[in-house]
Amino acid sequence: MSGCQHKWKMKNVEFGFVVFEKCFHCNRVRTYFTTEMVAILGDEYREADHFWHRVENAQSFRFDLQCSVCGDLESFGDLMGLLYCTGCLSDCRLEILRRELEAERIHMLMACGFLGESELKPKQVRLDKLEELTNYFNQRRDTARSRIKIVPFDLEDGFCRCKGEFLYDVDMLSQEPITARRSPF
Amino acid sequence: MTTQELIEKVGLKPLSKFENRVVEGVYISDMVSDVMAGAKSGDLWLTIQTHKSIVPAANLVDVSAIVITGGKEVPAETVELASKYDIAILSSELPTFKLVGKLYALGVGA
Amino acid sequence: MQIRTIKDALDASVIEGEALLDVVVEHVYASDLMSDVLAFGKPNSILFTGLATQQAVVSAHMAEFKGVVFVRGKKLKDGLGRFARDNHLALLSTRYDMYEACVRIDCVMRGKVLLLEPVSVAPNGTEMSLSHELCVLGNDFANAGMVSTEVKSILKKIGLNPKLVRRVAISTYEGEMNVVMHARRARVHLTVTPQLVEVAINDEGQGIPDVELAMQEGFTTATEEMRAMGFGSGMGLPNIKKNADELIIKSEVNKGTQLLMKFHIQ
């Protein structure tokens with residue numbers, strides 16, 4: 001570990017899509033990032049025992065962080081997205097944390113890794129990386145006014161009950177004005 | 001220029017309860033992913049996106065205010081969330097391109 | 001305005017439609033939400049968007065736009081230009097972000113004259129006071145000289161001494177060229193009172209590290225390319241000093257330069 005107090009900049013920014021696919025056989029959801037043009041929603045295909053179809057294409061981006069002092073590069077390719085808590089369950093561990101942080105003017109966002117097909121919960125992004133990501137955002141604002149904290153999304157039951165929403169773009173290409181967002185889960 | 005001065009000089013309508021801040025620059029995008037990657041603290045964020053996710057996105061990059069252009073209606077949910085976090089949601093009847101002309105003439109983001 | 005003018009003002013690359021640059025568009029529509037484009041876009045417009053997807057091009061086509069400019073350096077994936085080609089839509093890409101791109105086109109559309117204060121000019125020039133603001137775009141060689149030409153024309157119209165008009169025009173021209181060669185953009189403020197003509201050129205750009213050095217005749221930081229066009233003789237600032245009654249230069253590296261030129265009216 002270098003002794004550097006890293007000053008982060010976003011590097012290698014790639015815009016693309018986070019694709020959510022659901023198997024209508026077992027109801028599992030899997031997710032991945034692609035920079036390819038993903039055209040058709042509802043496109044179905046079979047893979048081994050699964051019958052996948054796309055339920056969501058969200059515009060998003062992928063990036064690395066590079067320290068402008070020492071040149072260290074931290075890749076965030078395993079970050080699927082940042083979720084914001086909608087306060088759906090007042091006794092949820094993350095909602096309680098959110099309220100505590102907000103009392104100190106700290107805005108909380110939850111970091112989520114990708115969901116593999118054999119998993120019920122999304123992968124975790126390393127805690128130390130989330131700390132650096134937190135630093136990245138705090139380095140770019142007046143922290144006397146407010147701060148950011150990126151915490152891991154680590155609910156035991158994953159997305160079963162969570163009504164948190166991702167910070168990404170959906171329905172940009174919709175030909176009709178958007179009314180409400182549907183959850184991909 | 002502060003948010004309050006902008007409201008007066010440009011004729012913007014404040015929709016949320018907010019903290020008056022200095023406007024440092026301007027960022028225009030309807031995609032929160034672009035805003036997360038490119039907007040800077042203190043920017044005035046011009047958009048027609050009214051989904052409530054603009055509030056956590058605005059918080060994340062610490063914009064000074066959000067201006068919804070083209071006279072778009074903003075859902076109550078979004079306004080409530082913004083007021084909760086002291087984020088200014090301002091409304092303009094002008095489409096984005098015309099509003100840029102006015103802002104630039106006032107020296108905003110110059 | 002022609003799509004070519006937009007291309008020049010945004011220093012844009014052409015993805016599709018080299019043959020369509022002479023097409024005229026009437027409006028600029030800036031949006032990333034396609035439902036909005038379809039609902040409110042007017043025919044014969046050009047779309048400025050950060051959404052670099054084929055569907056954005058299709059939406060522009062449905063709304064009867066003439067072209068699309070992708071901002072923030074975004075480009076379509078290779079091979080997706082076919083739809084635009086088949087439907088005669090120009091596709092451009094600019095490195096500028098949406099605000100900068102809109103500002104540039106706004107400047108061009110207004111003929112670079114932004115009237116901020118009311119103009120009151122007496123025809124015989126006895127009681128006059130006017131104020132005009134214009135803007136210069138960096139790297140815009142195609143339009144270089146337009147602002148100083150406009151300044152000259154305004155001063156002639158109000159009947160100032162031709163020798164004075166010439167001195168102001170030359171000084172403004174040199175200042176304008178410095179912006180085009182070395183800065184991102186500038187606001188040019190012309191003020192005329194019964195006693196004084198003042199031209200202030202405030203730019204955003206690299207700034208001048210050593211003003212004294214820059215004032216030396218022959219010193220230039222112009223590139224080979226610029227010199228091949230005939231600019232960068234190193235006489236710019238010295239020429240202004242010679243022609244103006246007073247020249248004040250303030251500059252900050254990586255921020256910009258402010259030139260204030262004063263000309264006494266006898």
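Residues numbered from 1 in each chain as written. Chains lettered and ligands numbered in written order. Predicted model: local features only at pLDDT ≥ 70, side-chain atom pairs only at ≥ 80, totals over all residues.

Caption draft 1: Local environment of the sheet that holds strand S1 (residues 13–14) of chain B. All names here are of chain B. On the basis of which strands lie adjacent, the open sheet formed by 5 strands has the order S1-S5-S4-S3-S2 and mixed pairing. Sheet topology places S1 and strand S2 (25–28) at the edges, where each strand pairs with a single neighbour. Here S1 runs beside strand S5 (residues 88–91); their pairing, made up of 2 bridges, is antiparallel. Residue pairing in the sheet places proline 14 in a bridge with leucine 90 of S5. (Pairing = 2+ DSSP bridges. Helix = DSSP H or I, 4+ residues; strand = E, 2+ residues; numbered from the N terminus.)

Caption draft 2: Structural detail: the packing of helix H7 (residues 162–182) of chain C against helix H10 (residues 236–243) of chain C. Residue and element names in this part refer to chain C. Between H7 and H10, the least distance of the axes is 9 Å, while the angle of their chain directions is 155 degrees. Considering the angle they form, H7 stands roughly antiparallel to H10. H10 is crossed by H7, and the crossing has left-handed handedness. Facing Arg167, Ile170, Ser171, Glu174, Gly175, Met177 and Asn178 of H7, the residues of H10 in contact are Gly236, Asn239, Ile240 and Asn243. (Axes fitted to C-alpha atoms, helices over the stretch in contact; angles between N-to-C directions. Parallel < 35°, antiparallel > 145°, perpendicular 65-115°, else oblique. Left-handed = near helix turned anticlockwise from the far one by under 90°. Contact = placed C-beta atoms within 7 Å.)

Caption draft 3: The arrangement of the interface of chain B and chain C in detail. Listed as interface residues are 19 residues of chain B and, on the opposing side, 20 residues of chain C. Looking at the side of chain B that touches chain C, the elements that each hand over two or more residues are S2, helix H2 (32–38) and helix H5 (96–105) of chain B. For the side of chain B that touches chain C, the leading source of residues is H5 of chain B, giving 6 residues. Looking at the side of chain B that touches chain C, its residues break down into 10 nonpolar, 7 polar and 2 charged. (Nonpolar A, V, L, I, M, F, W, Y, C, P; charged D, E, K, R; others polar.)

Caption draft 4: Expanded view of helix H2 (residues 127–138) of chain A. All names here are of chain A. Over its 12 residues, H2 runs 16 Å from end to end, which matches the ideal 16 Å to within 8%, given 1.5 Å per residue. Among the residues of H2, those classed as buried are Leu130, Leu133, Tyr136 and Phe137. Viewed along the axis of H2, the buried residues span an arc of 110 degrees, placing them on a single side of the element. Of the exposed residues in H2, those oriented more than 90 degrees away from the buried face are Leu127, Asp128 and Glu131. (Expected span 1.5 Å × (residues − 1). Buried ≥ 20, exposed ≤ 12 C-beta atoms within 10 Å, placed from the backbone. Arc of directions from axis to C-beta.)

Caption draft 5: Broad picture of the sheet that holds strand S5 (residues 90–93) of chain C. Residue and element names in this part refer to chain C. Pairing is mixed across the open sheet formed by 5 strands, whose spatial order is S1-S5-S4-S3-S2. The open sheet is flanked by strand S1 (13–16) and strand S2 (27–30), the only strands paired with a single partner. Strand-to-strand twist in this sheet, taken as the mean axis angle between neighbours without regard to direction, amounts to 25 degrees. Across 4 bridges, the pairing between strand S4 (residues 67–70) and S5 is parallel. Each bridged residue has a counterpart across the sheet, and for valine 68 the counterpart in S5 is leucine 91. Packed on one face of the sheet, helix H3 (residues 54–62) meets strand S3 (45–49), S4 and S5 and runs near 145 degrees to S4.

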